[in-house]
Amino acid sequence: MKKTFLLLVFMVGLTIFAEEPPFYGVCTHVSRKGTDFEQMDGVFRKMNCAGIRWARTDFDWWGVEPRKGQWNYSHLDVLRDKARKEGIRILPILGYTVAWATPAWKHPDAWLAYVRKTVERYKNDFRYWEIYNEPNTPFWKDKISAKAYAELLKKTSREIKAIDPALKVVLGGVSGVPIPYLEELFQAGGADAFDVMNIHPYQWNALPEENLPLYRNLKRLMRKYGADRKPVWITEIGWSTARPPELHARVVKAALERLNIDPGNFPLACVSSVQAVVPPSLSGMFRETVLFRVGEIGALDPHRFPVLIPCLGETFPAGAHEQLENYLRKGGTVLLLQGLPFYYDLLPDGGLKQVNDRHLKRFHLATDTWWTTKGVPKYEKHYRIADEFGRSLRLKKEDFPGNAGRGRFLSSRNLKTGDLFIPMVFGRSGDFEAPVCGIYRLNSDLKGALVVCTLKKNAETVSEQYQAAYLVRSALLAAASGIEAFFCYNLRSREYAPSAREAHFGILHKDLSPKPAYEALRELIRRLPEHSVRPVLIR
């Protein structure tokens, strides 16, 4: 069950903001031509207007050495000069690769030459240097390995400290708060190779408060390895406001019609932590949305609340499955709309535990994936509506941004006598075809139904209003947790496609007009400026 936290802000005399560096920052691609470089004047103007004095940006290796041995720093010189004029600090990211030296860690001489030339050139301008970005993701350009990153980090740190021992080395911002990865990094000697811990604690389908136990776990790990005196920064956190594709809403509408449920006559029951990422096109079908804690769903009356969204995504709180079973025994309908149901347990400390299909049989569900079942393709290339739903369901191109399904299919093998599986949408690759959306109509020990859609990339977005609220809450929670720098991702949206998640993280639109998140952050900085008071968490 979630705990409710309040923020007591006005504790006079306690400061969270040191002279060096600032707390508030923003990610912006002002170093990359074709993105924000051409908008640099407007970007810096908007930053200053909001009171944001720190910009994080990539000093791409491929950008300064486009051909082997040919160096070009003209664009970064422009950035340095304009930033200095506007009073903007820069946090450079050293990364990633070039064609003749990929992955970087396997080409240390070439990598260190890039590091040396870049840091030497700007050592008096930029005093903090981030070493790579999200090395625990495909950005690493090799098999992900904390030991390999530790080797790159140690060599890079020695190179930077040789140039100027006072320069600060920032750990490459890791995606999430990956405790096992960071522990492996520490065990490989990485704790002595950086001055600043750096995390990217995105929460796609959860409340900002879900990060609080993750911050505690991180500090516990740092204390274990003697790194607890190092500051912790968040150099990326944010929410996309991309338009959510409407496939899930159309699947739900067709499924409820098949189940003889008219959503306009009933409220939608929703676990409170996922309310923000339920697409309006889905929640708008119902009379209203009523929020519940996960520990309350077992007591819901399906006659009053015939439809429930208990989670979005592949995570569900450990130990709460019995609550869901109780609801289904009474005939409720459960919507499981993004990915493999119950693939991860959300632990009480905020961590995740991969449990694969452990919980599926109890709900009469079954799945097949490319990594568990021979012959299943990694990606489906085409989609087809089941004949039964040919009139009630339509597919659109924007329903499937990227590899939406990623080799996750539904199966009927765990059904019990009396149950029925009704396929709705099939995914196909070559000769292989299997359902990716369907209805499990239960009529055995469990009653009711589960509407399941394994397509993952059809959400993970919020409204502009929720983006604003979550950004401010995240900044306050970070400050109250002792985080010493907070960079939102990112400043300006590229907006190259309405439903592309990556194109709408900005707190400004493409034309630099503000979203509510920009105004909210500006107001937060006005009320809680640098060198201000410390927020304190209370219950």
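See the structure printed just above.
Remember, it's a predicted structure, so these values are computed and weren't measured experimentally.

Trainee: Hey, could you run me through the pairing of strand E21 (residues 449-453) in this one?
Mentor: Consecutive residues of a regular strand have side chains that alternate between opposite faces of the sheet. Within E21, five of the five residues are buried, leaving the element largely enclosed by the surrounding structure. Here E21 shows a buried face lined by Ala449, Val451 and Cys453 and a second buried face lined by Leu450 and Val452. Of the pairings in the sheet, the one linking strand E13 (residues 333-336) to E21 comprises four bridges and is parallel in character. Note that in E21 the partner of Leu335 across the bridge is Val451. Note that strand E20 (residues 432-441) and E21 share five bridges and pair antiparallel. Note on E21: the bridge partner recorded for Ile439 is Val451.

Trainee: Any chance you could explain the side chain of Asn198 here in plain terms?
Mentor: Looking at where Asn198 falls in the secondary structure, it is placed in strand E7 (residues 197-200). Judged by its relative accessible area of 0%, Asn198 is buried. Of note is the side chain of Asn198, whose polar atom sits 2.9 Å from the backbone oxygen of Leu171. A distance of 2.7 Å separates a polar atom in the side chain of Asn198 from a polar atom in the side chain of Thr235.

Trainee: I keep staring at the nonpolar core and nothing clicks. Help me out?
Mentor: Note that soluble globular proteins tend to have their nonpolar side chains buried in a common cluster. By size, the foremost hydrophobic cluster in this structure holds 138 residues, and its most contacted members are Trp111, Tyr149, Met197, Leu282 and Met424. Here the element with the most residues in this core is helix H11 (residues 464-480); it accounts for nine residues. For Trp111, the residues in contact, after removing those within four places along its chain, are Trp61, Leu94, Gly95, Tyr96, Ala104, Ile131, Tyr132, Leu152 and Thr156.

Trainee: Looking at this model, I keep getting lost on the pattern of salt bridges. Mind explaining?
Mentor: Two side chains bearing opposite charge may form a pair once their charged atoms approach each other closely. Counting across every chain of the model gives 30 salt bridges. Close ionic contact of Asp36 with Arg492 constitutes a salt bridge, the shortest N to O distance being 2.7 Å. In this pair, Asp36 sits in the loop between strand E2 (24-27) and helix H1 (40-50) while Arg492 sits in the loop between strand E22 (485-488) and helix H12 (516-527), placing the two residues 456 residues apart along the sequence. When sorted by exposure, Asp36 lands in the same class as Arg492, which is buried.

Trainee: Which parts of the structure should I look at to understand the sheet that holds strand E12 (residues 315-317)?
Mentor: Backbone hydrogen bonds are what pair the strands of a sheet, in a parallel or an antiparallel way. Pairing within the open sheet is mixed, and its three strands lie in the order E12-E14-E15. One side of each edge strand has no neighbouring strand; the edge strands of this open sheet are E12 and strand E15 (352-354). When strand polarity is set aside, the average angle formed by the axes of neighbouring strands in this sheet is 30°. One ladder, built from three bridges, connects E12 with strand E14 (residues 344-346); its direction is parallel. Looking at E14, one finds that Pro317 is bridged to Leu346.

About the cut-offs
- Residues numbered from 1 in each chain as written.
- Predicted model: local features only at pLDDT ≥ 70, side-chain atom pairs only at ≥ 80, totals over all residues.
- Heavy atoms only, no water.
- Buried < 20%, exposed > 50% of the residue type's maximum accessible area, 1.4 Å probe, protein only.
- Helix = DSSP H or I, 4+ residues; strand = E, 2+ residues; numbered from the N terminus.
- Pairing = 2+ DSSP bridges.
- Polar contact = N/O pair within 3.5 Å; in protein donor to acceptor, adjacent residues only side chain to side chain.
- Core = buried A, V, L, I, M, F, W, Y, C linked by side-chain atoms within 4.5 Å.
- Contact = heavy atoms within 4.5 Å.
- Salt bridge = Lys/Arg side-chain N within 4 Å of Asp/Glu carboxyl O.
- Axes fitted to C-alpha atoms, helices over the stretch in contact; angles between N-to-C directions.

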